[in-house]
Amino acid sequence: MNIEKNQNGSELVVKVIGRVDTVTAPELESQVKESLEGITNLELNLEELEYISSAGLRVILSLQKIMSKQGRLIITNVNETVQDIFEVTGFSEILTIE
Amino acid sequence: MKIKEITVDAVISNISVVSDFVNEFLENDGCPLKTIMKIDIVIDEIFGNICKYAYENKCGKAEIIVGIDEDSNYVSLTFKDSGIKFDPLEHKRPDVSLSAEEREIGGLGIFIVEKIMDEIDYKYQDGKNVLSILKRW
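Predicted model, so just to flag it, every value in this text is computed and none were measured.

Description of the interface of chain B and chain A
For step 1, the next point in the chain: The interface of chain B with chain A comprises 23 residues on the first partner and 21 residues on the second.
For step 2, the next point in the chain: Put simply, the parts of the chain that give the side of chain B that touches chain A at least two residues each are α2 (33-54) and α3 (109-116) of chain B.
For step 3, the next point in the chain: No other element matches α2(B), which puts 7 residues into the side of chain B that touches chain A.
For step 4, the next point in the chain: A per-class count over the side of chain B that touches chain A returns 11 nonpolar, 5 polar and 7 charged.

This is the structure in structure tokens:
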């Protein structure tokens, strides 16, 4: 997994590349959380995310909880495999996916 | 039906070893990429759980048996460990209708596996947890 962060004022775009699983999810969590101070708009661009397991969903849920207090989280460019996972878990209902 | 198996130490760093082994076998036998992706998620969930919980702080082994039937278009995947007896299918299901604030973090792995696979079966046999999964394509 690789992460590209792009901050513009209070807006942060995080591009997640590769696989978010048991091994890589903790890194995604720490990398994003360390950059959240003062951020009101967080975008997770999942265009190049191959797949996500429950470990990754836990990170997204945790980010959603933080951002619902300080602004908003939007998820963009979700592929079919990831969308399937979001749908069966009900995450598509609680996340803002564009 | 072709079958191959691997036995590894149940440690998180071996998730990629198991995935690579299973992927190579399935790719060579014409399994669709979309199915392989889902199998990878299952390996992460199930093998990951064995690593984290089956042997507590001790080191133990896990066996993974993968099978493919190209004529009937299905993959079978079996996980065996000699750790604490644990039936993941008896575990309480997460409430997927709750809002983000109400959701608890965790408990989703086995739920995802049940949703994206076609059949799943647990038994305790010869001192081992045996979890068998089947996915058609």
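Things to note about the packing of α2(B) against α3(B)
Helix-helix packing: each pair is described by the crossing angle between the helix axes and the interaxial distance.
Residues and elements named next belong to chain B.
For step 1, the next point in the chain: The geometry of α2 relative to α3 is characterised by a closest axis approach of 10 Å and an angle of 145 degrees between their N-to-C directions. The chirality of how α2 crosses α3 is left-handed. Counted together, Lys-38, Ile-41, Val-42, Glu-45, Ile-46 and Asn-49 of α2 and Gly-109, Ile-110, Ile-112, Val-113 and Ile-116 of α3 form the full contact between these two elements.
For step 2, the next point in the chain: A breakdown of the residues in the contact of α2 with α3 according to their chemical character gives 7 nonpolar, 2 polar and 2 charged.

Here we look at the packing of helix α1 (residues 25-33) of chain A against helix α2 (residues 54-70) of chain A
Residue and element names in this part refer to chain A.
For step 1, the next point in the chain: Two elements in contact, α1 and α2, have axes whose closest approach is 8 Å; the angle formed by their N-to-C orientations is 20 degrees. Between α1 and α2, the interaxial angle falls into the category roughly parallel. Considering only the axes of α1 and α2, their crossing is right-handed. Contacts between α1 and α2 involve Ala-25, Leu-28, Glu-29 and Val-32 from the former and Ala-55, Gly-56, Arg-58, Val-59, Ser-62 and Leu-63 from the latter.
For step 2, the next point in the chain: When grouped by side-chain class, the residues that make up the contact of α1 with α2 number 6 nonpolar, 2 polar and 2 charged.

Procedures and definitions
- Residues numbered from 1 in each chain as written.
- Chains lettered and ligands numbered in written order.
- Predicted model: local features only at pLDDT ≥ 70, side-chain atom pairs only at ≥ 80, totals over all residues.
- Contact = placed C-beta atoms within 7 Å.
- Helix = DSSP H or I, 4+ residues; strand = E, 2+ residues; numbered from the N terminus.
- Nonpolar A, V, L, I, M, F, W, Y, C, P; charged D, E, K, R; others polar.
- Axes fitted to C-alpha atoms, helices over the stretch in contact; angles between N-to-C directions.
- Left-handed = near helix turned anticlockwise from the far one by under 90°.
- Parallel < 35°, antiparallel > 145°, perpendicular 65-115°, else oblique.

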